[in-house]
Structure formats: structure tokens, C-alpha cells
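Listed below are the residues making up each chain.
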Amino acid sequence: MWRRTDLKIPTGIPSLDPVLEGGVPPGSVVLLLGDIGSGMTDFIRTSALSLAKEKINNGNGSGTGLAGEVVYITVTRVREDILGEVALSVSPEMYPVIEEGVRFEDLSEVYFDSSIVPVEWYSEGADLLARMHQRSHRDDILSSLSGLLSGAAPQSVIIVDSLTELATQADTPERWRAFTGFLRGLQRVAKRWGSVIYLPLAQGVLSRPHELEVMDCADAVILFRWEDLQGMRRQRTMYVQKFRGVMPHLEERDLVKFAVRITPGSGFEVSNIRVVI
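No experiment lies behind these values; they were computed from the predicted model shown.

Cut-offs used in this document
Residues numbered from 1 in each chain as written. Predicted model: local features only at pLDDT ≥ 70, side-chain atom pairs only at ≥ 80, totals over all residues. Heavy atoms only, no water. Axes fitted to C-alpha atoms, helices over the stretch in contact; angles between N-to-C directions. Helix = DSSP H or I, 4+ residues; strand = E, 2+ residues; numbered from the N terminus. Parallel < 35°, antiparallel > 145°, perpendicular 65-115°, else oblique. Contact = heavy atoms within 4.5 Å. Nonpolar A, V, L, I, M, F, W, Y, C, P; charged D, E, K, R; others polar. Buried < 20%, exposed > 50% of the residue type's maximum accessible area, 1.4 Å probe, protein only. Arc of directions from axis to C-beta. Polar contact = N/O pair within 3.5 Å; in protein donor to acceptor, adjacent residues only side chain to side chain. Core = buried A, V, L, I, M, F, W, Y, C linked by side-chain atoms within 4.5 Å. Patch = residues over 30% accessible without salt bridge, like charges linked within 9 Å, V, L, I, M, F, W, Y side chains within 5 Å. Areas by Shrake-Rupley, 256 points an atom, 1.4 Å probe, with all protein chains shown as cover. Salt bridge = Lys/Arg side-chain N within 4 Å of Asp/Glu carboxyl O. Lys, Arg positive; Asp, Glu negative; His and termini not counted. Charge placed at Lys NZ, Arg CZ, Asp CG, Glu CD.

Draft legend 1. The arrangement of the packing of helix α6 (residues 141–150) against helix α8 (residues 173–193) in detail. Orientation of α6 relative to α8, taken along the N-to-C sense of each, is 5°, at an axis distance of 12 Å. Classified by the angle their axes make, α6 and α8 are roughly parallel. In contact with L142, L145, S146, L149 and S150 of α6, α8 contributes A178, F179, F182, L186 and W193. Residues of the contact of α6 with α8, tallied by class, amount to eight nonpolar, two polar and no charged.

Next comes the structure, spelled out in C-alpha cells:
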């Protein structure tokens, strides 16, 4: 069990980490719940890129709180697809940073093996026959994900992109119990690992009771929304709904809701001024 209370693992977002007094407590499972295009994806991409740069510049992460690695687990998309998106949003000199400093793991074949998608859509060449055979002996994706999570170094930052695909597969009472059981087990073991795990989930995909149950399985819940402000254009906002070990500090300074912007140079940024609606 990770017990140091003075250590934080940074988010890698310069405008946010000072607000959090250095970052996120080790062992936190952070649910990122958001509207489409509201900044949730930009948050995790900016975090991964910034932390990867920090790791490369500081070797083992000494002094940063990130002694482990940056792991990006994709569920339906391949590594090249993610890197292609990053290449379009960052300067050319920054692109090698995420390529070198982030370990990508791809679960898309395991995910699609349990679907009706034709094998040739997600597997090619010599692997095609092997995948067709494996499809009849497919592994459960939560088991595969558990293996990847267990293999990460302690005190890592792990991004599972995204929880939406996993949640929507839990379409029977039995599968839903397995899914929420997995989340509660992850919340428990994350304390032993001392890692921070980000779980993005598209808001409105699940029923409200199911969404609340998933929120209850997390140590922190951060909401990303589009809001129409009077006399202004639509504004992205980030609202901290709960945060183990951090919420009292934020509420004391009335810092629970932030304006968000996405810039070409820095990616995801927040304003420390509380948004008043």
C-alpha cells in the first residue's frame, strides 16, 4: 500500500498542477467524464505529452513524482492513429517526445474479437488466419486489460482510452457486475501500485444510475462540459466533482470550476478563475 501523503504525481499540465499543489495523489483512479469535444481528450493527450517530455528530460523522473512510466492503452484505435492525431496538434519538434516517452499498448484486436466486425477489418496478412482461430478462443477484454495494468511499473501514469467502449459492452446484468467489479478492484489495487489511472468516459452514453455507479468507483471525478455563457461564445469548462485528498483544498479556495481552452502550442489549459454562471 502506497502511504506517502506528501507526494503528488503531476498531471503535466502547467496551469493545473499548481492548483492541485503539485498534482494527483498516488493511487488515484480518476474518471474523466465529458461532452464530445469539451476538452477531455485534449486533457489526456496534453498530460501524456508533457509527462513524456519530463521523463525524457529528467531521466528516471526524480523530483517530479513520476518514478514510473507513461502508459497509453488504446481499446479500439491503433497506436499510429493516436500518433497521427498528436502530430496534427503539436509542433514537429514535440512529436518524437510522445513517440519515445509513452509506452502504447493496443487492445483493439481483443476488443474486436468479441464483436461482429469482420476479422479482415482489423487484422491483415499472415495474422489473419491466426486471428480467425483466436476469435473462437477469445480472451475477455477486461482480463487482457488487467494484465496490462498489472505489468506497469509502480508510480506510473496510465491512460485507458477509453472506458466508453468497455462500459457499453457490459450490456447484461452479469457483464455489468463484472465491469463494476473490475473498477472497484482497480480502485483498490491502484493504492498498492501508487499509480494514477485516467479513465475517460463519454457523458450520456450510460444510463444515469449506471453513470453514478461508475463515478462511485473512482477516487476523483472531473467533468468536462460545453456551457453557453451570456454574451459570450460557448465555453469549455472543467468541473471537479470529487477528488480524494484534494477536494477540501480546492473548496477552501473556491477552485472547483475552471474555464478551459485548447491552444496550438500548449494544448489543454485551465484558468484559475472560477467560472460564474
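Draft legend 2. A look at the packing of α8 against helix α9 (residues 208–216). Direction vectors running N to C along α8 and α9 enclose 25°, while the axes themselves pass 9 Å from each other. The orientation of α8 with respect to α9, classified from their angle, is roughly parallel. Here α8 contributes W176, F179, T180, L183, R184 and Q187 to the contact with α9, which in turn contributes H210, E213, V214 and D216.

Draft legend 3. Region of interest: α6. Of all the positions in α6, only I141, L142, S144, L145 and L149 are classed as buried. Projected down its long axis, α6 carries its buried residues within an arc of 160°, all on one side. Against β2 (70–74), α4 (108–113), β4 (157–161), α7 (163–169) and α8 lie the buried residues of α6. Its side-chain oxygen at 3.0 Å from the backbone nitrogen of L142, D140 defines the N-terminal cap of α6.

Draft legend 4. The arrangement of the nonpolar core in detail. L32, F43, Y198, M238 and F243 are the most contacted members of the largest nonpolar core, which has 45 residues in total. Among the elements that make up this core, the one with the highest residue count is helix α1 (residues 40–58) (seven residues). In contact with L32, not counting residues within four places along its chain, are M40, F43, I44, Y198, L199, P200, L201, I222 and F224. A170, W176, V189 and C217 belong to the second-largest nonpolar core, a separate cluster that totals 39 residues.

Draft legend 5. Highlighting helix α2 (residues 79–89). Within α2, burial applies to I82, L83 and V86. With its buried residues spanning 95° around the axis, α2 presents them on a single face. Turned more than 90 degrees away from the buried face of α2, the exposed residues are E80 and L88. On its buried side, α2 packs onto α1, β2, α3 (95–101), β3 (103–106) and β4.

Draft legend 6. Here's a closer look at a negative patch on the surface. The grouping of E80, E99, E100 and D106 at the surface amounts to a negative patch. Residue classification places D106 among the partly exposed positions, given a relative accessible area of 38%.

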